[in-house]
Amino acid sequence: MPELPEVEVVRRGLDRWVIGRPIESVEVYNPRAIRRHTAGPLHFAEVLTGRTLLAAHRRGKYLWLPTDGGDALVGHLGMSGQLLVQPPDAPDETHLRVRIRFAADAGDGAEHQNRELRFVDQRTFGGLSVEPLAVPGADRENVPPGIAHIARDPLDPHFDATAFATALRRKRTGVKRALLDQTLISGVGNIYADEALWRARLHYARPTETLTGPQIRGLLGAAEAVMREALEQGGTSFDALYVNVNGESGYFDRSLAAYGQEDRPCPRCGTAIRRDAFMNRSSYWCPKCQPRPRRARW
DNA sequence: CAGCGTACCTGTAAGC
DNA sequence: TGCTTACAGGTACGCT
């Protein structure tokens, strides 16, 4: 569930279900799913077994869960990854890649205490790893090195809008490409980039250096607003590939104005939404509300 | 160094 | 019915 709202939905589920429970065993069914853990599957299982996850943090689309061993379990869902909290007797998913079992708590036999965490990923663009932390502990500002290059996201209380505007104008590229650059601003993917640009009435190929201050502030406000609204509705999902830790889909797809709406009327002006090929994907835009600039870049 | 294209996977749907 | 092609919400890396 790839973009910020979907990942935040998962983070909240992890925070509720897997924190404070000792890990009993770890099984890796596809080593590609932990390819960023360079020490390999055996080591991955070894360092986690017996540890307890202390918290669930997120920056952009990355998750990390500090352990009481001084390191952190890092996760990215890629294009099709899911983190599911399942009862042990639930049948294995077709694309189950990693299983993490927790020790049963003798003092509390509540049903959720023996649920296991499963990383399921059809395309295996996502993955898990264990990374050291500069300072042991559950501090959210203590970001693992593998995530250090990721910029803060618009829902981060320390996000610096002024610095973002400056950096954006220094770029020599199209505004959508910049929005998708996770080292500039994180959490925004193809859906919310198109929705934010539509709300801000900006064409995706608008050169970044020509954006005015108010336009950048408008764009940033739109990105933050659309992701907050999506989060309130449990995220966006068109099919069962994008679900929360309990396997449930969000329903923000009903609120999309531009993304996936080719040939449907723009909710603002009624003009047919268009689709262009963009970076081996698609861009959806309203030709009237978001006119193509004479000098386009992408 | 910055920007851009491509590779990495599996599955589904559309077109012939 | 089969076969082929296009496309899917992301990131990393190599080339220019």
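So, here's what we can say about the structure. (Residues numbered from 1 in each chain as written. Chains lettered and ligands numbered in written order. Predicted model: local features only at pLDDT ≥ 70, side-chain atom pairs only at ≥ 80, totals over all residues. Heavy atoms only, no water.)

**Some points on the sheet that holds strand E1 (residues 23-28)**
What links the strands of a sheet is backbone hydrogen bonding, and the strands pair in either a parallel or an antiparallel sense. Put simply, the rule reads: Two strands are said to pair when DSSP picks up at least two bridges between them. Only runs of H or I of at least four residues qualify as helices and only runs of E of at least two qualify as strands under DSSP, and these elements are numbered from the N terminus. Only the contacting stretch of a helix is used when fitting its axis, a line to C-alpha atoms as for every element, and angles between N-to-C directions run 0 to 180 degrees.
An order of E1-E6-E7-E5 is seen for the four strands of this open sheet, with the pairing classed as antiparallel. Whereas interior strands pair on both sides, the edge strands pair on one side only; in this sheet they are E1 and strand E5 (81-86). Averaged over all neighbouring strand pairs, the angle between strand axes comes to 15°, with direction disregarded. Bridge analysis of strand E6 (residues 96-102) against strand E7 (residues 116-121) gives four bridges, and the strand direction is antiparallel.

**What to know about the pattern of salt bridges**
Note the cut-off: Whenever a carboxyl oxygen of Asp or Glu lies within 4 Å of a side-chain nitrogen of Lys or Arg, that contact is scored as a salt bridge. Only protein chains enter the area calculation, which uses a 1.4 Å probe; residues under 20% of their type maximum are buried, those over 50% are exposed, and those in between are partly exposed.
Counted according to the given criterion, the structure contains 24 salt bridges. One salt bridge in this structure joins arginine 51 and aspartate 68, with 3.9 Å as the shortest N-O distance. With arginine 51 in the loop between helix H2 (41-48) and strand E2 (57-59) and aspartate 68 in the loop between strand E3 (62-66) and strand E4 (71-76), the pair connects residues that are 17 residues apart, well separated along the chain. Among the salt bridges present, the one from aspartate 194 reaches lysine 176, with a minimum N-O distance of 2.7 Å. Taken together, the residues aspartate 194 in helix H5 (residues 190-199) and lysine 176 in helix H4 (residues 175-179) connect sequence positions 18 residues apart. The same class applies to aspartate 194 and to lysine 176, which are both buried.

**Remarks on the side chain of glutamate 8**
Note the cut-off: In protein, a polar contact requires one atom able to donate a hydrogen and another able to accept it; more generally it is a pair of N or O atoms within 3.5 Å, and residues adjacent in sequence count only if both atoms are side-chain atoms. Between two residues, a contact is recorded if the distance between any of their heavy atoms is within 4.5 Å.
Structurally, the position occupied by glutamate 8 is in helix H1 (residues 4-17). Its relative accessible area of 7% is what places glutamate 8 among the buried residues. Reaching out from glutamate 8, the side chain makes a polar contact with the side chain of arginine 58 at a distance of 2.8 Å. Those residues in contact with glutamate 8 that sit more than four places away from it in its chain are Arg58 and Leu231.

**What about the sheet that holds strand E8 (residues 127-132)?**
Taking strand neighbours across the sheet as the criterion, the four strands line up as E2-E3-E4-E8 in an open arrangement whose pairing is antiparallel. Strands with a single pairing partner mark the edges of an open sheet, and in this sheet they are E2 and E8. Neighbour to neighbour, the strand axes of the sheet diverge by 25° on average, direction disregarded. Relative to E8, E4 is paired through six bridges, and the arrangement is antiparallel. When the sheet's bridge partners are listed, alanine 72 is paired in E8 with glutamate 131. Across the sheet, H2 lies against E4 and E8, angled at about 60° from E8, the strand it touches most.

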